[in-house]
Amino acid sequence: MRLTGKRALVIGGGGAGIGRAVTDAFGVEGAVVVADIDAARAEEAVAGLQERGATAYPVSGDVRSRDDVEAMVAGAVEKLGGLDVLVTVVGGQVAFVPAVKLHEMADEDWDTIYEVNLRYVMRAVRAALRVFLDQDGGGTIVSVGSVTGFMAAPQQAAYGVMKAGLLSLARTVSAEYAADGIRMNVAAGGAIATAVANTAPDAGGEWVGEIPVGRLGRSEEVAEAVVYLASDVSAYICGQQIVLDGGVSTRGPFS
Ligand SMILES: NC(=O)c1ccc[n+]([C@@H]2O[C@H](COP(=O)([O-])OP(=O)(O)OC[C@H]3O[C@@H](n4cnc5c(N)ncnc54)[C@H](O)[C@@H]3O)[C@@H](O)[C@H]2O)c1
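Residues numbered from 1 in each chain as written. Predicted model: local features only at pLDDT ≥ 70, side-chain atom pairs only at ≥ 80, totals over all residues. Heavy atoms only, no water.

(A) Just the packing of helix H3 (residues 66-80) against helix H4 (residues 107-134), in detail. For the pair H3 and H4, interaxial distance at closest approach is 9 Å and the crossing angle is 35°. You can see that H3 and H4 cross each other, and the crossing is right-handed. Each of Arg66, Val69, Glu70, Val73 and Val77 in H3 lies in contact with H4, whose residues at this interface are Tyr120, Arg123, Ala124, Arg126, Ala127, Ala128 and Val131. (Axes fitted to C-alpha atoms, helices over the stretch in contact; angles between N-to-C directions. Helix = DSSP H or I, 4+ residues; strand = E, 2+ residues; numbered from the N terminus. Left-handed = near helix turned anticlockwise from the far one by under 90°. Contact = heavy atoms within 4.5 Å.)

Here it is as structure tokens:
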């Protein structure tokens, strides 16, 4: 029980994929507030945890709104009596943003990807830092990233840049606040089987053959890394990224 006694906020925790897997893992091991734009999803996730005896509360809000992000953090503090862990899950290549090469990219589309992948993370981290600094013991922050943050991301330039930004933020936060008991790390996924990514766990396709382990990743595998990075077991990991990609990023042109 690596998170016993830890109070966590999972932003985007009501989903069917990685968010839900993180929520389930945190609910079992600690106390959690589940924030999501879809109130029904957050409530359903919380109901499942409460049935198992967990301490869990739902909060709804849109990460594109600064007020909502600050309300999520304040709501978690109020419901849990403090905050020890912040996890940011919301993100992705938004479905209505066309996948185009950079010379065709519209400013508005770039901004949309920024809003749901990086701008809110800074705001949530800033709000959490203020809470952590005010209480004894500091806190941990984990962001769900992607291999697109350190590999080329054709037709997803903005997504890649924003995910790269998570690691930069993690490094700076860790450098600025490690002495206060605060650290931030990233759990970066490769091809993970989720409904949002429109990839079934048993999905085939020629590109699955490009994954050295020969299959897609599971949301639970990403959640396991998030729990590890959030817990005291990883206390010496500071401003880093754990990559869960089945070996994709290790491949060169002849492997
Ligand atoms: N699925 C993959 O293959 C994959 C791979 C690498 C990284 N990731 C990353 O994992 C994270 C989760 O992706 P997922 O596909 O598992 O999704 P998910 O199933 O975890 O769903 C994310 C949740 O975020 C919520 N959400 C969406 N927009 C929101 C908003 N504006 N405000 C508040 N909540 C909002 C959704 O309602 C949903 O419940 C993302 O950051 C994504 O970039 C996914």
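Moving on from the coordinates now.
(B) Structural detail: the site of the ligand. Around the ligand, the structure places 29 residues, and the nearest of them are Gly17, Gly19, Asp36, Val89 and Tyr159. The side chain of Lys163 places a nitrogen or oxygen atom 2.8 Å from an oxygen atom of the ligand. Measuring from a nitrogen atom of the ligand, one finds a side-chain N or O atom of Thr194 at 2.9 Å. Protein burial of the ligand: of its 830 Å² of free accessible surface, 89% is covered by the chains. The set of elements that each furnish at least two residues to the shell around the ligand consists of helix H1 (18-29), strand E5 (139-146) and helix H5 (157-177). Of all the elements, E5 adds the most residues to the shell around the ligand, at three residues. Tallied by class, residues from the shell around the ligand come to eleven nonpolar, 13 polar and five charged. (Near = heavy atom within 4 Å. Polar contact = N/O pair within 3.5 Å; in protein donor to acceptor, adjacent residues only side chain to side chain. Areas by Shrake-Rupley, 256 points an atom, 1.4 Å probe, with all protein chains shown as cover. Nonpolar A, V, L, I, M, F, W, Y, C, P; charged D, E, K, R; others polar.)

(C) Main features of the nonpolar core. Judged by nonpolar contacts, the single largest core of 41 residues is most densely connected at Leu9, Ile11, Leu83, Leu86, Val125, Ile141 and Val173. Elements with a minimum of two residues in this core: strand E1 (7-11), strand E2 (31-36), H3, H4, H5 and strand E6 (182-189). For this core, the element with the most residues is H4, which contributes twelve residues. Beyond its immediate stretch of four places on either side in the chain, Ile11 contacts Ala35, Val63, Met72, Leu86, Val87, Thr88, Val89, Val90, Tyr120 and Ala124. (Core = buried A, V, L, I, M, F, W, Y, C linked by side-chain atoms within 4.5 Å. Buried < 20%, exposed > 50% of the residue type's maximum accessible area, 1.4 Å probe, protein only.)

(D) Examining H3 more closely. Under the 1.5 Å per step criterion, the end-to-end length of H3 is 21 Å for 15 residues, consistent within 8% with the ideal 21 Å. Considered for burial, the residues of H3 that qualify are Val69, Met72, Val73, Gly75, Ala76 and Leu80. Seen from one end, H3 has its buried residues packed into an arc of 160°, which puts them on one side. More than 90 degrees from the buried face of H3, the exposed residues found are Asp67 and Glu78. If you follow the buried residues of H3, they end up packed against E1, E2, strand E3 (55-60) and H4. (Expected span 1.5 Å × (residues − 1). Arc of directions from axis to C-beta.)

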